[in-house]
Amino acid sequence: MKRIYLFVTPFFPSPETWRGGYCLDAAQALIRDGRFDVRVFVPGTGPDYEVEGVRVHRFPHAVLPCELAPFLVERRNACAFVHCVEETGVKWGDVAVCHAHTVNFAPYARAVKRLNPQALCALQHHFTCPVHLRSGRLGEVPGHATLLHAYWRRLCAEMDVHVFTSERSRASFGKMFVKGMEGPWADLRERLLFGRWMRPFDSPKSSYVLYNGVDPRKFSPATDPRHDTGLVIGCVANFHPLKGQMTLLQAVARLKGTVPDLTVRFVGSGEALEDCMAYAKSQGLMDVVRFEREMPHERLADFYRSLDLFVLPSSYWESFCCVYAEALACGVPVMGCRGISFLDELLSDADKADCLVPPHDAVALAERIRKWMVRSDRRKVPALTGDLDIDHLIGHWLDFVQAARR
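Right, let's talk about the pattern of salt bridges for a bit. One pass over the structure, following the stated rule, counts 24 salt bridges. The salt bridge partner of arginine 290 is glutamate 292, with a shortest N-O separation of 3.5 Å. Relative accessible area serves as the criterion here: at 16%, glutamate 292 is assigned to the buried category. Taken together, the shared-partner salt bridges in this structure form one network comprising Arg32, Asp215, Arg217 and Asp391.

So this is what it looks like as structure tokens:
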């Protein structure tokens, strides 16, 4: 009988949302590998469900108002999670791995470890900052931030393996208080009581870089080239101030009238959507810009293939940002910001000069798009220096897991 691999994540498609498709791809790759019996658990209410052949189990996850002191509900949440796992027929002695995503879910990995000390507990970080001291309205309160820092620091020290989605993310783990690109959240020190005496997190016992790979079965170039005469730019992301959709809109405002037959398609939803729509209306961009709701993961490939250029001016806080990898896999050139780990790590210096602009710089982005338009090879897709095939990446990860468990 196969040992059990618990995949516990807040990012996963559901009947209510299509967000988290990259975690779906990872879960499917884990299942295809065949070494473990993979069980997926996500927070939420309502019945369990299935998405693209993956059975997903829901468990209650309580969050206090303003995200107050999560340690106050840790025991309640852990008990609910344990009960949910046991209801699916899992015996704790059969659990080989608990793979939790984001530090908020570290308590679930710790609960598994207490029930089965032989299980390998892996905590995956999706951002350059490993802690969420900015979350909620209390993120500015020094006393609350200090308590959270101590809480997350203790939890992270108990994990067997820390998984990072880029080398830069791994480097930033031990450089929370270092200014510069490796420590983009350096102002955390100023948010803490007695911050100058606070230590960053200890170096992980063990760490592993697992890029968010791409499933070539879903994302591949179009068989026929586009024949449209107009220029189509696309952007896929949750509408959040840090994702940079406003920077792209400001660049579009500069391009309008100078670029014939320009269309910019935004896909996503979120807190910054209304502000972006209001800005587009105020600048008279609604005849150029289209706002589209998020779409099923399997339809994204067709969206990418309809584009001439994919642009997401997300800031340097991103640890990976899978939509770039998906667009490239579909044969579409991309543009982003300097400091984004995946592009910085896997593009050549020449391609980085063509693809990347400073964060929040709409002027530079508009100029870069203009230069790209007049290139004879503008449809050329930059080559990556690493392999992002999801099956290969997951295979190497499981090799590491098996070696760590011996």
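With that settled, the discussion passes to the packing of aromatic side chains. Tallied over the full model, the rule gives 20 aromatic pairs. When the centroid spacing of 6.3 Å and the interplanar angle of 40° are considered together, the rings of phenylalanine 11 and tyrosine 22 count as tilted. With a gap of 11 residues between them, phenylalanine 11 in the loop between β1 (4–8) and α1 (21–33) and tyrosine 22 in helix α1 connect regions that are remote in the sequence. Accessibility expressed as a relative area gives 22% for phenylalanine 11, which makes it partly exposed. One aromatic cluster is present, formed by Phe41, Phe59, Phe81, Phe105 and Tyr108 through successive ring pairs.

On to the sheet that holds strand β10 (residues 262–267), then. Taken in spatial order, the 6 strands of this open sheet run β11-β10-β9-β12-β13-β14, and their pairing is parallel. Both edges of this open sheet fall to β11 (289–292) and β14 (356–357), since each of them pairs with a single strand only. One ladder, built from 6 bridges, connects strand β9 (residues 231–236) with β10; its direction is parallel. Bridging across to β10, isoleucine 233 finds its partner in valine 264.

The next point concerns the sheet that holds strand β7 (residues 161–164). The strands making up a sheet associate through hydrogen bonds between their backbones, and the pairing can be parallel or antiparallel. Reading across from one edge, β3-β4-β2-β1-β5-β6-β7-β8 is the order of the 8 strands in this open sheet, with mixed pairing throughout. Lying at the two open borders of the sheet, with one neighbouring strand each, are β3 (49–51) and β8 (207–209). Strand-to-strand, the axes of this sheet are offset by a mean angle of 25°, without reference to chain direction. Relative to strand β4 (residues 54–59), strand β2 (residues 37–43) runs parallel, the two being bridged by 4 bridges. When the bridges of β4 are listed, phenylalanine 41 appears paired with histidine 57. Across the face of the sheet, α1 comes into contact with β1, β2, β3, β4 and β5 (95–101) while running at roughly 175° to β1. With respect to the sheet, helix α3 (residues 106–115) is in contact with β1, β4, β5 and β6 (120–125), its orientation differing from that of β5 by roughly 165°.

Its identity is not glycine, yet aspartate 261 carries a phi of approximately 55°, on the positive side. The residue aspartate 261 is located in the loop between α7 (245–255) and β10 in this model. With a phi close to 65°, histidine 360 is a non-glycine residue in the positive phi region.

So, about the packing of α3 against helix α4 (residues 142–158). Each pair of packed helices can be described by the angle between their axes along with the distance between the axes. Two elements in contact, α3 and α4, have axes whose closest approach is 10 Å; the angle formed by their N-to-C orientations is 45°. The orientation of α3 relative to α4 falls into the category oblique. Judged by the sense of rotation from one axis to the other, the crossing of α3 with α4 is left-handed. Residue-level inspection shows Ala106, Pro107 and Arg110 of α3 in contact with α4, the latter providing Tyr151, Arg154, Leu155 and Glu158. In terms of residue class, the contact of α3 with α4 is made up of 4 nonpolar, no polar and 3 charged.

Our focus in this paragraph is the packing of α7 against helix α13 (residues 362–373). Closest axis-to-axis distance for the α7/α13 pair is 8 Å, and the angle between their directions is 55°. Relative to α13, the element α7 lies oblique. The two elements α7 and α13 meet at a crossing, and its hand is right-handed. Contact with α7, carried on its side by Thr247, Leu248, Gln250, Ala251, Arg254 and Leu255, involves Ala362, Val363, Leu365, Ala366, Ile369 and Arg370 of α13 and no other residues of that element. Among the residues forming the contact of α7 with α13, the class breakdown is 8 nonpolar, 2 polar and 2 charged.

The gaps of empty space that remain are located by a probe, the size of a water molecule, rolled over the atoms. Under the definition given, this model contains 3 cavities of 30 Å³ or more. For the largest cavity, the calculated volume is near 100 Å³. Breaking the lining of the largest cavity down by element, the ones donating at least two residues are α1, β5 and α14 (390–405). With 4 residues, the top contributor of residues to the lining of the largest cavity is α1. Of the residues contributing to the lining of the largest cavity, the split by class is 9 nonpolar, 6 polar and no charged.

Calculation notes
- Residues numbered from 1 in each chain as written.
- Predicted model: local features only at pLDDT ≥ 70, side-chain atom pairs only at ≥ 80, totals over all residues.
- Heavy atoms only, no water.
- Salt bridge = Lys/Arg side-chain N within 4 Å of Asp/Glu carboxyl O.
- Buried < 20%, exposed > 50% of the residue type's maximum accessible area, 1.4 Å probe, protein only.
- Phe/Tyr/Trp six-rings, centres within 6.5 Å; stacked < 30°, edge-to-face > 60°.
- Helix = DSSP H or I, 4+ residues; strand = E, 2+ residues; numbered from the N terminus.
- Pairing = 2+ DSSP bridges.
- Axes fitted to C-alpha atoms, helices over the stretch in contact; angles between N-to-C directions.
- Contact = heavy atoms within 4.5 Å.
- Parallel < 35°, antiparallel > 145°, perpendicular 65-115°, else oblique.
- Left-handed = near helix turned anticlockwise from the far one by under 90°.
- Nonpolar A, V, L, I, M, F, W, Y, C, P; charged D, E, K, R; others polar.
- 1 Å grid on protein atoms, 1.4 Å probe; cavity = no way out; pocket = protein on both sides within 12 Å on 5 of 7 lines; lining within 4 Å.
- Points joined across faces, edges and corners; volume = space filled by probe spheres on them.

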